[in-house]
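# Inside the fold
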Amino acid sequence: MGVYKRGKTWYIDYYDQYGKRHREAVGRNKRQAEQALAKRKTEVAEGKFLDKKKQKKIKFKDFANEFIEFHSKPNKKSWKRDVQLVNHLKNFFGEKKLYEITPLDIEKYKKNRIQKVKPATVNREIACLKAIFNKAIQWGKATENPMDKVKLYKENNQIVRYLTEKEMVKLIENSTGYLKPIVIIALNTGMRLNEIINLQWKDIAFEQKIINIIDSKNGEKREIPVNDIVINVLKDWKERREGSFVFTNGGKPITKRSVQSRFKTALKRAGIRNFRFHDLRHTFASHLVMNGTDLKTVQELLGHKTFNMTLRYAHLSPDHKRLAIDNFGRKMQKVVTIWSQSENSLKRENLNA
């Protein structure tokens, strides 16, 4: 690599990541040529200098399949969700080459999808698109990410669906078989459905009143403290069941689909609408906050990785600022009292002087 001059023109000479040699005319200034060469070196190091002929051969649908096979499946427990997202993307972008997809194309996709699904769903899909392009750049099959110039839809994360006390009673009353203990556990712990149906007896420390989640959604071990209600439900259930898994049907671990089916029936009987099983987790968190539990503790109990995920419950505690000021006021009253006593003592000393 280097710079050289022919006649009055300066050139740069370098090799890309494929070993191909390039020569470019820059101008009549050596300093300008040196800067251009430095820029090309950086682009080669970052894998941005891509052979256009190779780039044009890559269709989106083909690379999307590679993304699932070599990234999602080996690294993500939720890879099946990625498959669903990618299928929607392939329906729209499938035949396009990677380099042909522009920010305008993505805006057209957003406009098309928002007529059929919620903003949050569109955001998950185009976030997946961004991940696909990031991986394409990392693997040397794309030079830029068109998603860098596209904004996500605004989502209203403050709307949280949770059950009232009366609704909780109705739901439990209308839950039958294994669904009843599952619902009770979800309402008292905020555990996810997958975490509950994958529970094994060895994961439960009855004496310590702790449920151990060995492999959570975030891929981390989590200890969940539980109350006597959960312990008693589990003890009662254990007396009638055999096997290593807590919840079984016909000797086999129950499936998510079977729970969802029974849950739907229970909701209908209880007269509860617009409610999902995952909203039991929101119900647990919402009632904690309304009973005065601080958001940091709620975050730890739910196993949220970021505090922002827990902030959606902040509005359920409208008096938290007033409570904080009142508590601080009681502390400051002691300071004021001590100051007042000291001031009065000083005045008495001055009078007696």
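Throughout what follows, the structure given in this document is the object of discussion. (Residues numbered from 1 in each chain as written. Predicted model: local features only at pLDDT ≥ 70, side-chain atom pairs only at ≥ 80, totals over all residues. Heavy atoms only, no water.)

### Here we look at helix H12 (residues 279-290)
Rules: A run of DSSP states H or I qualifies as a helix once it reaches four residues; a run of E qualifies as a strand once it reaches two. Both are numbered from the N-terminal end. Given the number of residues in a helix, its expected span is that number minus one, multiplied by 1.5 Å. Buried, partly exposed and exposed residues are distinguished by accessible area as a fraction of the type maximum, computed with a 1.4 Å probe on protein chains only: under 20%, between the cut-offs, and over 50%, respectively. The criterion used for residue contact is that any of the two residues' heavy atoms lie within 4.5 Å.
Taking 1.5 Å of rise per residue, 12 residues should cover 16 Å, and H12 covers 16 Å from first to last C-alpha, within 8% of that figure. Most of H12 is tucked away: 11 of the 12 residues are buried. Residues of H12 that are buried: Asp-279, Leu-280, Arg-281, His-282, Thr-283, Phe-284, Ala-285, Ser-286, His-287, Leu-288 and Val-289. In this fold, the buried residues of H12 make contact with helix H7 (165-173), helix H8 (179-189), strand E6 (222-225), helix H11 (256-270) and helix H13 (295-302).

### So, the pattern of salt bridges
Test applied: Each reported salt bridge corresponds to a side-chain nitrogen of Lys or Arg within 4 Å of a carboxyl oxygen of Asp or Glu.
Within the structure shown, the criterion is met by 17 salt bridges. Here Arg-113 and Glu-125 are joined by a salt bridge, their closest N and O atoms 2.6 Å apart. Of this pair, Arg-113 sits in helix H5 (residues 103-114) while Glu-125 sits in helix H6 (residues 119-138); the two residues are 12 residues apart in sequence, bridging distant segments of the chain. Relative accessible area serves as the criterion here: at 1%, Glu-125 is assigned to the buried category. With a shortest N-O distance of 2.8 Å, Glu-195 and Arg-222 are connected by a salt bridge. Of this pair, Glu-195 sits in helix H9 (residues 193-197) while Arg-222 is found in strand E6, placing the two residues 27 residues apart along the sequence. Each member of the pair, Glu-195 as well as Arg-222, carries the same accessibility label: buried.

### Quick notes on the environment of Leu-295
Along the chain, the position of Leu-295 falls in helix H13. Separated by 17 residues in the primary sequence, Leu-295 and Arg-312 place their C-alpha atoms 9.8 Å from one another.

### With respect to the pairing of strand E5 (residues 210-213)
We count it as follows: Strand pairing follows a simple DSSP-based rule, namely that at least 2 bridges must link the two strands.
Strand direction decides the pairing type here: strand E4 (residues 204-205) and E5, joined by two bridges, are antiparallel. Counterpart to Ile-204 in the pairing with E5 is Ile-211. Following E4, the chain reverses through four residues before pairing antiparallel with E5; Lys-209 in that reversal takes a positive phi of roughly 60°. Pairing between E5 and E6: four bridges, direction antiparallel. Residue pairing across strands places Ile-211 opposite Ile-224, the latter belonging to E6.

### What about the environment of Phe-245?
Looking at the secondary structure, you find Phe-245 in the loop between helix H10 (228-239) and strand E7 (248-249). Of the residues examined, Phe-245 reaches a relative accessible area of 23% and is grouped as partly exposed. Setting aside residues no more than four positions away along its own chain, Phe-245 makes contact with Ile-197, Asn-198, Leu-199, Gln-200, Trp-201 and Pro-253.

### Points about the pairing of strand E2 (residues 9-15)
A regular strand carries its side chains on alternate faces of the sheet. Taken together, the five bridges between strand E1 (residues 2-6) and E2 define a ladder with antiparallel strand orientation. Paired with Gly-2 across the two strands is Asp-13, which belongs to E2. Here E1 folds back onto E2 in antiparallel fashion, the turn holding two residues, of which Gly-7 has a positive phi close to 65°. Where E2 meets strand E3 (residues 21-27), six bridges bridge the pair, whose relative direction is antiparallel. Bridge pairing in E3 links Ile-12 to Glu-24.

### A few points about the packing of aromatic side chains
Applied cut-off: Working definition: a ring pair exists when centres of Phe, Tyr or Trp rings (six-membered ring for Trp) sit within 6.5 Å. Plane angles under 30 degrees give stacked, over 60 give edge-to-face, the rest tilted.
A complete count under the given rule lists 10 aromatic pairs for this structure. Judged by centre distance (4.9 Å) and plane angle (75°), the ring pair of Phe-92 and Phe-93 falls under edge-to-face. Since its relative accessible area comes to 34%, Phe-92 is described here as partly exposed. Among the residues examined, Phe-93 registers a relative accessible area of 0% and is labelled buried.

### Focus on the side chain of Thr-283
If you trace the backbone, Thr-283 turns up in helix H12. The contact partners of Thr-283, leaving out residues within four places of it in the chain, are Arg-161, Tyr-162, Leu-163, Met-168, Leu-187 and Phe-275.

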